[in-house]
Amino acid sequence: MAGGSTTERLVRLLSVSGEDLASGWVAEVSSSLGGRVSRVEVERELRELYTSLLAALEQGSLDAHAEGFSEVRALLSELSRTRARQGFTPTETAVSVFALKAVLEPVLAGDSTSGDIEAYLALSRLLDALGLFTVEAYTRSREELISAQSEQLLELSTPVVKLWDGVIGVPLVGTLDSARTMVVMEKMLQALIDTGSEQAIIDITGVPAVDTQVAQHLLKTVVAARLMGAECTISGIRPPIAQTIVALGIDFGDIATKATLADALRHALKRSGVSLSATATATATGTGKGR
């Protein structure tokens, strides 16, 4: 059977029973989504998709990747992004396409000709291709969403605070990897510019372990700060971390290291020419009595 004849039969099948098919499609998909999306929203999405699918078939093509199906693909991409943001699974998302086959089957029951069956099989292959496209679009959307959330978490987990005039602090908690190092570096350098600070304290009290890779990340951050004309002090060097650094042969060179944030702040202020008593320094860092 010629391609044009098949698409003509499909257009006739979808047009004659269009209202019933569209309504059945909406009901089938709404049921599969368990009420987590309003029926009004599902109906808007699917009726728009049904109209676009019919318009694409009227152009005589059954290739899901053809130019005539560009609007259909665009609608499916948007539907996939929406479902990914709403927390649906790939299967629940793909049902929005595959359910059309289920509602079309009763139309072909009874007196349908072999040509109608052939047309249905052609439509089934088309919907399979569109379903796969939907899953791929969903996967891309989900990956983009996860990536964006990861970046937001990195931002939230890497605060830069002003400890004193001319002194900023970067308290690190958790593992320090390459991606997070870049965030730390960017935020710290920007804070140095915004506050006009010349001293930065990188506190690693919340970093569970320091290995060669973590040390390299810290060194890169310190070098970047020095290029901006600022000096860094690393605080939070606990006994286990000190022992690990020695065992690994890690050399921090002339970078100042301190056991506590209070010690690091006192050192940074001394570098800046500010003299504080031990009590005042402890109060400034929140480690004094009553804090």
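Described in the following lines is the structure provided in the data block. Predicted model only: the values in this text are computed from it and were never measured.

1. Here's the deal with the overall build of the protein
When you go through the protein residue by residue, the secondary structure sums to 11 helices and 5 strands. With 291 residues in all, the protein has 43% of them scored as buried. In the form shown here, the protein has an accessible surface area of approximately 14,700 Å², with 55% of it arising from carbon and sulfur atoms.

2. Observations concerning the pattern of salt bridges
Enumeration over the complete set of coordinates arrives at 13 salt bridges. Its salt-bridge partner being Arg36, residue Glu92 comes within 2.5 Å of it at the nearest N-O pair. Remark: Arg36 occurs in the loop between α2 (18-32) and α3 (39-57) and Glu92 occurs in helix α5 (residues 90-108); sequence separation between them is 56 residues. Glu92 sits in the buried class, given a relative accessible area of 19%. The salt bridge involving Arg85 is made with Glu78; its shortest N-O contact spans 3.9 Å. Given the relative accessible area of 54%, Arg85 is considered exposed. Its relative accessible area of 36% is what places Glu78 among the partly exposed residues. Through salt bridges with shared partners, a single network forms among Glu19, Glu43 and Arg47.

3. As for the sheet that holds strand β3 (residues 199-206)
The 5 strands are arranged β1-β2-β3-β4-β5 in an open sheet whose pairing can be described as mixed. Here the strands that pair on one side only, and so sit at the sheet edges, are β1 (161-164) and β5 (256-258). Here the strands of the sheet are splayed against their neighbours by 30° on average, with no regard to which way each runs. Across 5 bridges, β3 lies against strand β4 (residues 231-235) in parallel orientation.

4. Some points on the side chain of Asp203
Counting through the fold element by element, Asp203 comes out in strand β3. Here Asp203 is buried and forms no salt bridge, its nearest opposite-charge partner Arg238 lying at an N-O distance of 7.4 Å. Residues in contact with Asp203, not counting those within four places in the same chain, are Val170, Pro171, Leu172, Ser235, Gly236 and Leu261.

5. Considerations on α2
Over its 15 residues, α2 extends 21 Å from the first C-alpha to the last, a length consistent with the 21 Å expected when each residue adds 1.5 Å. Every buried residue belonging to α2 is among Gly18, Leu21, Ala22, Trp25, Val26, Val29 and Ser30, and all of these are buried. Burial along α2 is one-sided: seen end-on, the buried residues are contained in an arc of 160°. Turned more than 90 degrees away from the buried face of α2, the exposed residues are Asp20 and Ser31.

6. Notes on the packing of aromatic side chains
Following the criterion strictly, the structure yields 1 aromatic pair and no others. The ring of Phe88 carries Arg83 above its face, with NZ or CZ at 5.8 Å from the centroid.

7. A short note on the nonpolar core
One recurring pattern in soluble globular proteins: nonpolar side chains tend to sit buried together. Counting residues in each nonpolar core, the largest one holds 35 residues, and the members touching the most others are Leu14, Trp25, Leu53, Leu57, Leu126 and Leu130. Here this core takes 8 residues from α3, the largest share from any one element. Residues in contact with Leu14, not counting those within four places in the same chain, are Leu21, Tyr50, Leu54, Leu57, Leu104 and Leu123. Among the nonpolar cores identified, the runner-up in size contains 31 residues, and Ile204, Val207, Val214 and Ala225 belong to it.

8. Quick look at the environment of Thr82
Here Thr82 shows up in helix α4 (residues 70-86). Counting along the chain gives 11 residues from Thr82 to Thr93, while the straight-line C-alpha distance between them is 9.4 Å.

9. A look at the environment of Val40
As for its placement among the helices and strands, Val40 is situated in helix α3. The class for Val40 is exposed, based on a relative accessible area of 66%.

10. Some thoughts on the side chain of Ser141
Mapped onto the elements of the fold, Ser141 is located in helix α6 (residues 114-156). The buried category is assigned to Ser141, whose relative accessible area is 10%. Excluding anything up to four places from it in sequence, Ser141 contacts Ser80, Arg81 and Ala84.

11. Brief notes about the pairing of strand β2 (residues 167-173)
Counting buried residues along β2, 5 of its 7 residues qualify, which places the element largely inside the surrounding structure. In terms of strand pairing, β1 meets β2 through 3 bridges, oriented antiparallel. Each bridged residue has a counterpart across the sheet, and for Lys162 the counterpart in β2 is Ile168. If you look at the hairpin formed by β1 and β2, you'll find 2 residues sitting between the two strands, and Gly166 has a positive phi there, around 90°. One ladder, built from 6 bridges, connects β2 with β3; its direction is parallel. Considered in β3, the bridge of Val173 is made with Gly206.

The rules behind the values
- Residues numbered from 1 in each chain as written.
- Predicted model: local features only at pLDDT ≥ 70, side-chain atom pairs only at ≥ 80, totals over all residues.
- Heavy atoms only, no water.
- Helix = DSSP H or I, 4+ residues; strand = E, 2+ residues; numbered from the N terminus.
- Buried < 20%, exposed > 50% of the residue type's maximum accessible area, 1.4 Å probe, protein only.
- Areas by Shrake-Rupley, 256 points an atom, 1.4 Å probe, with all protein chains shown as cover.
- Salt bridge = Lys/Arg side-chain N within 4 Å of Asp/Glu carboxyl O.
- Pairing = 2+ DSSP bridges.
- Axes fitted to C-alpha atoms, helices over the stretch in contact; angles between N-to-C directions.
- Lys, Arg positive; Asp, Glu negative; His and termini not counted.
- Contact = heavy atoms within 4.5 Å.
- Expected span 1.5 Å × (residues − 1).
- Arc of directions from axis to C-beta.
- Phe/Tyr/Trp six-rings, centres within 6.5 Å; stacked < 30°, edge-to-face > 60°.
- Lys NZ or Arg CZ within 6 Å of the ring centre and 35° of its normal.
- Core = buried A, V, L, I, M, F, W, Y, C linked by side-chain atoms within 4.5 Å.

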